[in-house]
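Coordinate inspection notes
Here is what each chain is made of, one letter per residue.
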Amino acid sequence: MLQVTAELTRGAFQLQLDCRLSDSVTGIIGASGSGKTTLLHMVAGLVKPAAGRIVFDNDVLFDSASGLDVPTHRRRMGLVFQDCRLFPHLSVSENLAYGERLLPPKDRHFSQKTVIELLELESVLGHRPGQLSGGQAQRVALGRALLASPRVLLLDEPLASLDWRLKQQIMPFLRRVRDVTPIPMLYVSHDSKEILDLTDRIVVLESGKVVGAGPVMDIIQDPRVLQQLRLQGLVNILPLTVLSHDGAAGLTRLQLRTPVAGPCGEPLTVSGPRLGVTAGREIHATLRPEDIALGGSAITGVSIQNQIKGRVVRLIHSPDRDVCVVDVGISLVVEISPNGAKALGLEVGSPIWCLFKSSAIQYLDVSLS
Amino acid sequence: MGCRRVYLSGTLGRMLLWLSPEEWVVLGLSARVAFCCAVAVSIPGIACGWLLARTRFPGKSLVDALLHAPLVMPPVVTGYLLLVLLGRRGLFGQFLFNHFGMTFAFTWKAAVIASAVMAFPLMVRAVRIAIEMADPKLEAAARCLGASPLRTFLTITLPLARPGIITGLVLAFARSLGEFGATIVFAGNIQGETRTLPLAVYSYMQSSGGDAAALRLVLVSILLSLGALVVSEIMSRRYSHIERVVE
């Protein structure tokens, strides 16, 4: 468990953090300048808090009261930077080995072979960083950090400088790292989609302060949390299993699945010919809250293909739009106008149908598009 | 004069073909002094370059100015100051002689010291610029991977600054080959001991019948200087891909 209490003033910016991070992946969400990167840099030891205490698993890394400040190179916090920071004078394989070589063999969590396979780096090992594409460079940076066997992996907007297509290429690798390695991750981003794709445990920062921490659906009621999430592009992440794919008709049938209860609800339909979709495959897709309509019953005679029955679990009123959390097996966040909410007579516990066009479903795995 | 010019051009080819044993001694001494000068400035030059590029301390601009003083001071003045400091009766020279029996003035070591002092600012400047260009973010990345500050310096900063360090060393070598003023004051002009290329050219020009030898050494000097430039160019090209990426 990582425990951070820290204060820092820089010009007009004031940081006052107090958080405990105990999950395998914690997403840190906030606007630019909210202190996300500073938080990571303080954990890594690159930024020294004016006052506070940073503890990882009973190991005190920083304590202003006793004057303790463990230097960066002894903290073993693997920081992956937005700009990769590969060493330009070393080849990819030398970059990968840089941190690993400094560790006694007994402290190494992974072999080079494992990481190279995990991140598919075999073909670029002899390259210089200057010859890599943005996505490859970010994978090398991730591999380099993993091979240094960090106690925590700190990811500082690793996808921010990449375009949409490259982001989609890296996300599966991050999911793989999450699933395969026991290393806890702190993932900073100003894009909710990236974070929610990896975890539902988040810390929301606003102007240097923690405004919410915990599972998304538990803290979304806080208006500050909700506002930050919406500013940072709140989306629903749907875990799906491919049921069938009809290439000629351009229709794919998908089944929503829940982490615990397995398949739930009626199958969904997505139109458009997609390559590489085979029955049985598990994929992820996004669905924006504003793309979902609510109805009191299933509707016939409309073009909307997807209608799932659920139950309202939470209603949050905000000045412009109301937000409704619907349990359809997973929690779906739906945005509706206050008038619409009134007309439907929404109440917590009432049954409701979520309607959305098949085009609203966007696959997260690039190989599918 | 006309007669002399004919004589010079007529024997130019022959002059280039061989150097007298005495001139070979001059050349060997110059090479040795220049090499030792480059070695002598290397580590202090890198240290000072790093200090100026990466640290902040009170009086930094004063230190910067002092390090650059030999660039702007008349070389003869630098030589004179060296004599005052390190001459056998100088401030430190006396101490060194009395306690360790060390003498510098008017030996080949004095020629090395004189040219090293003259070349030092060039070395520091080249290293400082190269280290300033090496991205400190890469150093932070190395430390996050577990590298101590010293290891970070040796494995990241130094290799990234390599083109600048090589340029600095070549400049120091070339500066030493051309050093005249400080050397003649501090080391004297002793045949076989401190008579480097420029001093030899000067001496031959002063003696009757020394024109041919002076011209030969002038040509050798030009060749060496151009050679140094070429080496520096090749070195910086070889490592230029690094700088491009760092930028």
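Turning our attention to the domain arrangement of chain A. Often, the extent of an interface is quoted as the loss of accessible area on bringing the components together. Residue and element names in this part refer to chain A. Looking at chain A, the domain boundaries give domain 1 (2-226) and domain 2 (236-368). Put simply, the middle of domain 1 and the middle of domain 2, counted by C-alpha atoms, are 31 Å apart. Residue-level contacts link 13 residues of domain 1 with 12 residues of domain 2. Per element, the largest residue contribution to the side of domain 1 that touches domain 2 is 5 residues, and it comes from helix α6 (residues 164-180).

All names here are of chain A. In space, the 5 strands of this open sheet follow the order β17-β21-β18-β19-β20, with antiparallel pairing throughout. Of all the strands in the sheet, just β17 (293-295) and β20 (331-336) have a single pairing partner and so form its edges. Across the sheet, the axes of successive neighbouring strands diverge by a mean angle of 45 degrees, strand direction being ignored. In this sheet, strand β21 (residues 351-356) lies alongside β17 in antiparallel orientation, the contact comprising 3 bridges. Each bridged residue has a counterpart across the sheet, and for L294 the counterpart in β21 is C354.

Turning our eyes to something else, we now look at the packing of helix α2 (residues 21-54) of chain B against helix α12 (residues 211-238) of chain B. Residues and elements named next belong to chain B. Remark: α2 packs on α12, axes separated minimally by 11 Å, with the N-to-C direction vectors making an angle of 30 degrees. Crossing of α2 over α12 shows right-handed handedness. For the pair formed by α2 and α12, the contact residues are E23, V26 and L27 on the first element and A213, R216, L217 and V220 on the second. A per-class count over the contact of α2 with α12 returns 5 nonpolar, no polar and 2 charged.

Another point: the pairing of strand β9 (residues 185-189) of chain A. All names here are of chain A. With 5 of 5 residues buried, β9 lies mostly within the body of the structure. What you see with β9 is no split at all: M185, Y187 and S189 on one side and L186 and V188 on the other are buried throughout. Note that strand β3 (residues 25-29) and β9 share 5 bridges and pair parallel. By the bridge assignment, I29 is partnered in β9 with S189.

Thresholds, definitions, all that
- Residues numbered from 1 in each chain as written.
- Chains lettered and ligands numbered in written order.
- Predicted model: local features only at pLDDT ≥ 70, side-chain atom pairs only at ≥ 80, totals over all residues.
- Domains from an automatic or database assignment.
- Contact = placed C-beta atoms within 7 Å.
- Helix = DSSP H or I, 4+ residues; strand = E, 2+ residues; numbered from the N terminus.
- Pairing = 2+ DSSP bridges.
- Axes fitted to C-alpha atoms, helices over the stretch in contact; angles between N-to-C directions.
- Left-handed = near helix turned anticlockwise from the far one by under 90°.
- Nonpolar A, V, L, I, M, F, W, Y, C, P; charged D, E, K, R; others polar.
- Buried ≥ 20, exposed ≤ 12 C-beta atoms within 10 Å, placed from the backbone.

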